[in-house]
Amino acid sequence: MTANLYTEQVGGPRGTAIVSLVVACRIADKHRSRLPSVKELQDDFGMHRATAYRWRAALANARGISTTSTTPGENTHG
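Note that the structure is predicted; figures quoted are calculated from it, not measured.

## A look at the nonpolar core
In this structure, Val19, Val23, Ile27, Leu35, Val38, Leu41, Phe45, Met47, Ala52, Leu59 and Ala60 together form the largest nonpolar core, which totals eleven residues. Elements that contribute at least two residues to this core include exactly α1 (16-30), α2 (38-45) and α3 (49-63).

## Side note on the confidence of the model for the protein
For the protein, per-residue confidence averages 76 on the pLDDT scale, and residues scoring 70 or more make up 65% of the total. Model confidence for the protein, summarised as mean pLDDT per element, is weakest for α1 at 83 and strongest for α2 at 93.

## A closer look at the side chain of Arg56
Looking at the element boundaries, Arg56 is found in helix α3. For the buried Arg56, no salt bridge is present, and the opposite-charge side chain at shortest range is Glu40, 7.0 Å distant. Among the polar contacts listed, one links the side chain of Arg56 to the backbone oxygen of Pro36, at a separation of 2.7 Å.

## Notes on the pattern of salt bridges
In total, this model carries four salt bridges according to the counting rule given. With its nearest N and O atoms 3.9 Å apart, the salt bridge here joins Lys30 to Asp44. Of this pair, Lys30 sits in helix α1 while Asp44 is found in helix α2, placing the two residues 14 residues apart along the sequence. Between Arg34 and Glu40 there is a salt bridge, and its shortest N-O distance comes to 2.5 Å. Among the residues examined, Glu40 registers a relative accessible area of 23% and is labelled partly exposed.

## Side note on the packing of α2 against α3
Taken N-terminus to C-terminus, the directions of α2 and α3 make an angle of 115°; their axes are 9 Å apart at the nearest point. On the basis of the axis angle, α2 is roughly perpendicular to α3. In the packing of α2 onto α3, the handedness of the crossing is right-handed. Contacts between α2 and α3 pair Val38, Leu41 and Gln42 from the former with Arg49, Ala52, Tyr53, Trp55 and Arg56 from the latter. Residues of the contact of α2 with α3, tallied by class, amount to five nonpolar, one polar and two charged.

Conventions and cut-offs
Every chain is numbered on its own, with residues counted from 1 as its sequence reads. Totals for whole chains, interfaces and linings use all residues, but because this is a predicted model, local features are given only for residues with pLDDT of at least 70 and pairs of side-chain atoms are given and counted only at 80 or more. Side-chain measures were taken over the full set of non-hydrogen atoms in the model, leaving aside hydrogen atoms and water. In this text, buried Ala, Val, Leu, Ile, Met, Phe, Trp, Tyr and Cys residues form a nonpolar core when linked through side-chain atoms within 4.5 Å. Buried, partly exposed and exposed residues are distinguished by accessible area as a fraction of the type maximum, computed with a 1.4 Å probe on protein chains only: under 20%, between the cut-offs, and over 50%, respectively. Runs of H or I in DSSP of at least four residues are treated as helices and runs of E of at least two as strands, each being numbered from the N terminus. On a scale of 0 to 100, pLDDT captures the predictor's confidence in every residue. This count recognises Lys and Arg as positive and Asp and Glu as negative, with His and chain-terminal groups excluded. We count a salt bridge whenever a side-chain nitrogen from Lys or Arg sits within 4 Å of a carboxyl oxygen from Asp or Glu. Polar contact criterion, stated in full: a pair of N or O atoms within 3.5 Å, where within protein one must be able to donate a hydrogen and the other to accept it, and residues adjacent in sequence count only if both atoms are side-chain atoms. Orientation is described by lines fitted to C-alpha atoms, with helices fitted over the stretch in contact, and by angles between N-to-C directions that extend from 0 to 180 degrees. Oblique is the label for any angle not under 35 degrees, not over 145, and not in the 65 to 115 range, which are roughly parallel, roughly antiparallel and roughly perpendicular in turn. The hand of a helix crossing depends on one turn: near helix anticlockwise from the far one by less than a right angle means left-handed, and clockwise means right-handed. A contact between two residues is defined here by any heavy atoms of the two lying within 4.5 Å. Note that Gly is not counted as nonpolar here; it falls among the polar residues with everything else outside the nonpolar set of Ala, Val, Leu, Ile, Met, Phe, Trp, Tyr, Cys and Pro and the charged set of Asp, Glu, Lys and Arg.

Following this line, the structure appears as structure tokens:
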């Protein structure tokens, strides 16, 4: 059985920051030109829905993109 390199913490709690940095770099690299959907993050990185929402919000914040919409009926969450 191979380890999921995207989400598994290696080295215990002290390795958490390193794992987060690796995940952040991989998400940013894969989605350079647009904000990924929650479903894409779940499928690509094997994360839970709530985690995908947090990563999407963090990426949007880092890029200065709003995740709220002024267009009625537009799904901004995923």
